[in-house]
Amino acid sequence: MNTDAGTSADAGSRTDVRHAVVETSLGGLTVVVSGGAITGLYFPHHWYMPSEASLGRRVDAHEDPLITLAATQLGEYLDGERTAFDLPTRTHGDAFQERVWAMLREIPFGETTTYGQLAERLGNKALAQSVGQAVGHNPISIIVACHRVVGSNGKLTGFAGGLERKQRLLEIEEPPTVKEARLF
């Protein structure tokens, strides 16, 4: 996976910010690109959707090679044909958020972790709520797999794209034996 976490100081060319809405089985996803990297992926009614002005100019998804590639890989992932993304990404959070988002990138396909476990990895289980806030503000949903973080009891908790979508993303990643054992 080609990722490049960064800060606003290395944000790249802000004049080249552009976005497109790509249709998926989860609804229309807004893909935001700055320069040569994906900097945003947002669900319809996303909790922390940036302002329209910060999304840059709207382009046709089929006319932008990076957005086309992202749409193709998202479709493959949602169809169960892809387990990892090979897309250049760039995030622009504070130091704590960047540390949390880096840990999200390390969670393997088909596995989950908890907010508390991530906080422990940061050295303080009491940071679980702050970890949750950073996870919730992840600007590149799905590609940076925030859906793989669950509550301490294994239950689904807040997800900026909605719990139904989080459940669907986790179902896509279920091992075949788990899928076969499900009665519904």
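On a predicted model such as this, the values are computed, not experimentally measured, just so you know.

Caption draft 1: Spatial organisation of the side chain of Arg 165. Mapping Arg 165 onto the fold places it in helix α5 (residues 163–172). Of the side chains bearing the opposite charge, Glu 164 lies closest to the buried Arg 165, which forms no salt bridge; the N-O distance is 6.2 Å. From its side chain, Arg 165 meets the backbone oxygen of Gly 161 in a polar contact 2.6 Å long. Excluding its chain neighbours within four sequence positions, the residues that come into contact with Arg 165 are Leu 26, Phe 43, Pro 44 and Phe 159.

Caption draft 2: A look at helix α4 (residues 128–136). When α4 is considered as a whole, its buried residues turn out to be Val 131, Ala 134, Val 135 and Gly 136. Buried residues along α4 sit against α2 (95–106) and α3 (115–121).

Caption draft 3: Representation of the pattern of salt bridges within the structure. Inspection of every chain in the model, using the stated rule, returns seven salt bridges. Linking Arg 121 and Glu 106 is a salt bridge whose minimum nitrogen-to-oxygen distance equals 2.6 Å. Placement of the pair is Arg 121 in helix α3 and Glu 106 in helix α2, with a sequence separation of 15 residues. Of the charged contacts in the structure, one is a salt bridge between Glu 120 and Lys 125, with a shortest N-O distance of 3.3 Å. Glu 120 gets classed as partly exposed once you look at its relative accessible area, which sits at 45%.

Analysis parameters
Residues numbered from 1 in each chain as written. Predicted model: local features only at pLDDT ≥ 70, side-chain atom pairs only at ≥ 80, totals over all residues. Heavy atoms only, no water. Helix = DSSP H or I, 4+ residues; strand = E, 2+ residues; numbered from the N terminus. Buried < 20%, exposed > 50% of the residue type's maximum accessible area, 1.4 Å probe, protein only. Lys, Arg positive; Asp, Glu negative; His and termini not counted. Salt bridge = Lys/Arg side-chain N within 4 Å of Asp/Glu carboxyl O. Polar contact = N/O pair within 3.5 Å; in protein donor to acceptor, adjacent residues only side chain to side chain. Contact = heavy atoms within 4.5 Å.

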